[in-house]
Amino acid sequence: MNSKLAILGGSPEIQQPLAEFKSVGSDEIEAATRVIKSGNLSAYIGAPGEGFMGGPEVRNFEKQAAEYFGVKHAIVVNSWTSGLIAAVGAMGIEPGDEVITTPWTMSATAMAVLHYNALPVFADIDRDTFNIDPEAVRKLITPRTRAIMSVDIFGQSADMQELRKICDEYGLGLISDTAQAPGAKTGDQFAGTLADIGGYSLNYHKHIHSGEGGILVTNSDKYARKLQLIRNHAESVIKSSDPAELVNMIGFNFRMGEIEAAIASVQLSKLEERIRSRMEVASQLRGELAGLDGLELPQIQAGNTHVYYVFGIKISPEKLGVDRDTLVSALKAEGVPGIMSGYQNIHLLPAFREKIAFGSKGFPWTLVPEGEVQDYKEGLCPVAETLHANEFFGINVCMYEFDESDVKKVGAAFRKVWANLSELS
Ligand SMILES: *Cc1c(COP(=O)(O)O)cnc(C)c1O
């Protein structure tokens, strides 16, 4: 029997690398080919008129997305990073305003705020869901706070009910970055649709993709209009008789092409099935990993579903007598696929720590009196930092094609490492 840990020279529990998840096939090829044959690869016109809203594929896909997610408006863009920037702009965020967001996200969330010379303020996360902690948000509200930008990290919605309460109480806008949780639900509503503006990434690595792309969703006519304007060089089409409409309309081209829209439309029709299979993998994985001492499986907030972009695990290094990185190295050596050790601490990126964004003199933070700017330093978000440094690791279930026997092997690899913990300490 193979019991010597691979990291100590034994043979790995999982011998063959898992197949990478490939989500593009003949349906997508057909859709792309149809568009290429039409010769119409993008049909936007940067001038007033019907063409301002994009070509037939873009508009079809928007209709389909609005129906699927159950919102009044879907506006598609060339990346979700573009979508986040457009959302901040549409909300009328001004230079020096503060937007409260989370350190556990991708940099694009916080950077979108900076694009309008507003200041990201980081609230700590909840230890169990890894999403922004509403209580931490409450403590950071100042007269400059204009919005909350929450993130549905790893595949489940942030606590939108609590965040909405705070927004109502203080008159704030609510933006949701649901890049990692398309199709997840709170009650019977889709994650992302409970914010004033929300949306999804169509980047290659996400649940569904068109290579690059993003979908904005909103039930507000006003925001929808502004998003459509920001997407397509609004400054050149808005009549200057209404200067108020020109706010935050500064020369962006966030347009999605027709080929991407056609591919994305096929992908969206597969989302439900993809989520179903991810949930199944996660549920098997739970069965395999249940009962391992000092290990905590992903927690799901009451009322939520989880669509598992990442299967997030917490360990207790004290209980195990082994530090997280050693444990992860041992699991990797056994062939466990897609493991990431720790996640992010966006507030500690050099851009924030050193306050370098526009030019070299600290703008836009210089817009706010010194001493009133959040100090982006270690210790600012202790829960996030401790999890990142010592306790968290994730399995990127989105990256691989897991079947039942693969999940069993992953379980066997974990149990082998757990059976030999003493050799690692
Ligand atoms: C992927 C991702 C983004 C960026 O999306 P793109 O489409 O790659 O620009 C933003 N936020 C989060 C949380 C993400 O996971």
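Above this text sits the structure in question.
A short tour of the structure in this document, coming up.

Parameters and conventions
- Residues numbered from 1 in each chain as written.
- Predicted model: local features only at pLDDT ≥ 70, side-chain atom pairs only at ≥ 80, totals over all residues.
- Heavy atoms only, no water.
- Helix = DSSP H or I, 4+ residues; strand = E, 2+ residues; numbered from the N terminus.
- Rg over C-alpha atoms; globule rule 2.2 N^0.38 Å.
- Buried < 20%, exposed > 50% of the residue type's maximum accessible area, 1.4 Å probe, protein only.
- Areas by Shrake-Rupley, 256 points an atom, 1.4 Å probe, with all protein chains shown as cover.
- Lys, Arg positive; Asp, Glu negative; His and termini not counted.
- Charge placed at Lys NZ, Arg CZ, Asp CG, Glu CD.
- Contact = heavy atoms within 4.5 Å.
- Near = heavy atom within 4 Å.
- Polar contact = N/O pair within 3.5 Å; in protein donor to acceptor, adjacent residues only side chain to side chain.
- 1 Å grid on protein atoms, 1.4 Å probe; cavity = no way out; pocket = protein on both sides within 12 Å on 5 of 7 lines; lining within 4 Å.
- Sits in = over half its atoms within 2 Å of the grid points.
- Nonpolar A, V, L, I, M, F, W, Y, C, P; charged D, E, K, R; others polar.
- Pairing = 2+ DSSP bridges.
- Axes fitted to C-alpha atoms, helices over the stretch in contact; angles between N-to-C directions.
- Salt bridge = Lys/Arg side-chain N within 4 Å of Asp/Glu carboxyl O.
- Points joined across faces, edges and corners; volume = space filled by probe spheres on them.
- Phe/Tyr/Trp six-rings, centres within 6.5 Å; stacked < 30°, edge-to-face > 60°.

### Notes on the overall build of the protein
Then, in step 1: Of the regular secondary structure elements, the protein holds 15 helices and 13 strands.
Then, in step 2: Relative to the globule expectation of 22 Å for 425 residues, the C-alpha radius of gyration of the protein, 23 Å, shows essentially globular dimensions.
Then, in step 3: Burial statistics for the protein: of 425 residues in total, 56% are counted as buried.
Then, in step 4: A total of about 17500 Å² of accessible surface is found on the protein, and carbon and sulfur atoms cover 51% of it.
Then, in step 5: Counting 39 positive and 54 negative side-chain charges, the protein places the centres of these two groups 2 Å from one another.

### A closer look at the side chain of glutamate 98
Then, in step 1: By the element assignment, glutamate 98 lies in strand 2 (residues 98–101).
Then, in step 2: Ignoring sequence-local partners within four residues, the contact set of glutamate 98 consists of Leu119, Val121, Leu140, Thr142, Arg144, Thr145, Arg146, Ala147 and Glu372.

### Some details on the site of the ligand
Then, in step 1: Taken together, 15 residues are adjacent to the ligand, and Thr81, Asp177, Gln180, Ser201 and Lys206 come closest.
Then, in step 2: Note that an oxygen atom of the ligand is positioned 2.9 Å from one of the backbone N or O atoms of tryptophan 80.
Then, in step 3: Protein contacts shield 92% of the accessible area of the ligand, which totals 380 Å² for the unbound molecule.
Then, in step 4: Cavity membership is defined here by more than half of the atoms lying within 2 Å of grid points; on that basis the ligand lies in the largest pocket.
Then, in step 5: At three residues, helix 3 (residues 80–90) tops the list of elements feeding residues into the shell around the ligand.
Then, in step 6: When its residues are assigned to classes, the shell around the ligand shows five nonpolar, eight polar and two charged.

### What to know about the sheet that holds strand 10 (residues 295–296)
Then, in step 1: The sheet built from four strands is open, its strands ordered 10-11-13-12 with antiparallel pairing. The two strands at the open ends of the sheet, each matched to only one other strand, are strand 10 and strand 12 (339–341).
Then, in step 2: Looking at chain direction, strand 10 and strand 11 (residues 311–315) are connected through two bridges and run antiparallel. Opposite leucine 295, over in strand 11, you have isoleucine 315 as the bridge partner.
Then, in step 3: Relative to the sheet, helix 11 (residues 324–333) contacts strand 11, strand 12 and strand 13 (392–395), its axis offset from that of strand 12 by approximately 165°.
Then, in step 4: Together, strand 11 and strand 13 form the strand contacts of helix 13 (residues 382–391), whose direction differs from that of strand 11 by roughly 85°.

### Examining the pattern of salt bridges
Then, in step 1: Under the criterion given, the structure shown has 25 salt bridges.
Then, in step 2: As a salt-bridge pair, aspartate 27 and lysine 270 come within 3.6 Å of each other at their nearest N and O atoms. Placement of the pair is aspartate 27 in helix 1 (residues 26–38) and lysine 270 in the loop between helix 8 (258–269) and helix 9 (271–289), with a sequence separation of 243 residues.
Then, in step 3: Residue aspartate 27 is classed as partly exposed on the basis of its relative accessible area of 40%.
Then, in step 4: Lysine 314 is the partner of aspartate 128 in a salt bridge, and the nearest nitrogen-oxygen pair spans 3.2 Å. Of the two residues, aspartate 128 is situated in the loop between strand 3 (119–122) and helix 5 (134–138) and lysine 314 in strand 11; the sequence distance between them amounts to 186 residues.
Then, in step 5: Overall, the relative accessible area of 31% leaves aspartate 128 in the partly exposed class.
Then, in step 6: In this structure, a network of salt bridges that share partners links the residues Asp27, Glu28 and Lys270.

### Quick look at empty space enclosed by the protein
One simple way to see leftover space: roll a probe sized like a water molecule over the atoms.
Then, in step 1: Summed over the entire model, instances satisfying the criterion amount to two cavities of 30 Å³ or more.
Then, in step 2: Looking at the largest cavity, its volume works out to about 50 Å³.
Then, in step 3: Lining the largest cavity are Asp128, Thr129, Phe130, Ile153, Phe154, Gln156, Pro298, Gln299, His306, Val310 and Gly312.
Then, in step 4: Here the second largest cavity is characterised by a volume of approximately 30 Å³.
Then, in step 5: The wall of the second largest cavity is formed by Asp128, Phe130, Glu296, Leu297, Pro298, Gln299, Gly312, Ile313 and Lys314.
Then, in step 6: Counted by class, the lining of the second largest cavity contains four nonpolar, two polar and three charged residues.

### Examining the layout of surface pockets
Then, in step 1: Considered as a void within the structure, the largest pocket measures approximately 400 Å³ in volume.
Then, in step 2: Residue lining of the largest pocket: 26 residues in total, with Met106, Gln180, Asn203, Lys206 and Tyr309 positioned closest to the centre.
Then, in step 3: Elements that contribute at least two residues to the lining of the largest pocket include exactly helix 3 and helix 4 (107–114).
Then, in step 4: It is helix 3 that contributes the most residues to the lining of the largest pocket, three residues altogether.
Then, in step 5: Tallied by class, the residues present in the lining of the largest pocket amount to 12 nonpolar, 11 polar and three charged.
Then, in step 6: Its boundaries defined by the atoms lining it, the second largest pocket holds a volume of some 210 Å³.
Then, in step 7: Around the second largest pocket, the lining residues are Glu20, Phe21, Lys22, Ser23, Val24, Tyr204, His205, Lys206, His209, Cys398 and Met399.
Then, in step 8: Each residue belonging to the lining of the second largest pocket can be placed in one class, and the counts come to five nonpolar, three polar and three charged.

### Examining the packing of aromatic side chains
Then, in step 1: Per the counting criterion, the structure on display carries 24 aromatic pairs.
Then, in step 2: Between the aromatic rings of phenylalanine 122 and phenylalanine 352, the centroid separation amounts to 5.2 Å while the plane-to-plane angle is 80°, which identifies the pairing as edge-to-face. One end of the pair, phenylalanine 122, is in strand 3; the other, phenylalanine 352, is in helix 12 (residues 350–353), with 230 residues separating them in the sequence.
Then, in step 3: Relative accessible area serves as the criterion here: at 1%, phenylalanine 122 is assigned to the buried category.
Then, in step 4: Residues phenylalanine 358 and phenylalanine 363 carry aromatic rings whose centres are separated by 6.4 Å and whose planes lie at 70° to one another, so their mutual orientation is edge-to-face.
Then, in step 5: What makes phenylalanine 363 partly exposed here is its relative accessible area of 30%.
Then, in step 6: Here a set of aromatic residues connected by ring pairs shows up, and it is made of Trp104, Phe130, Phe154, Tyr343 and Phe392.

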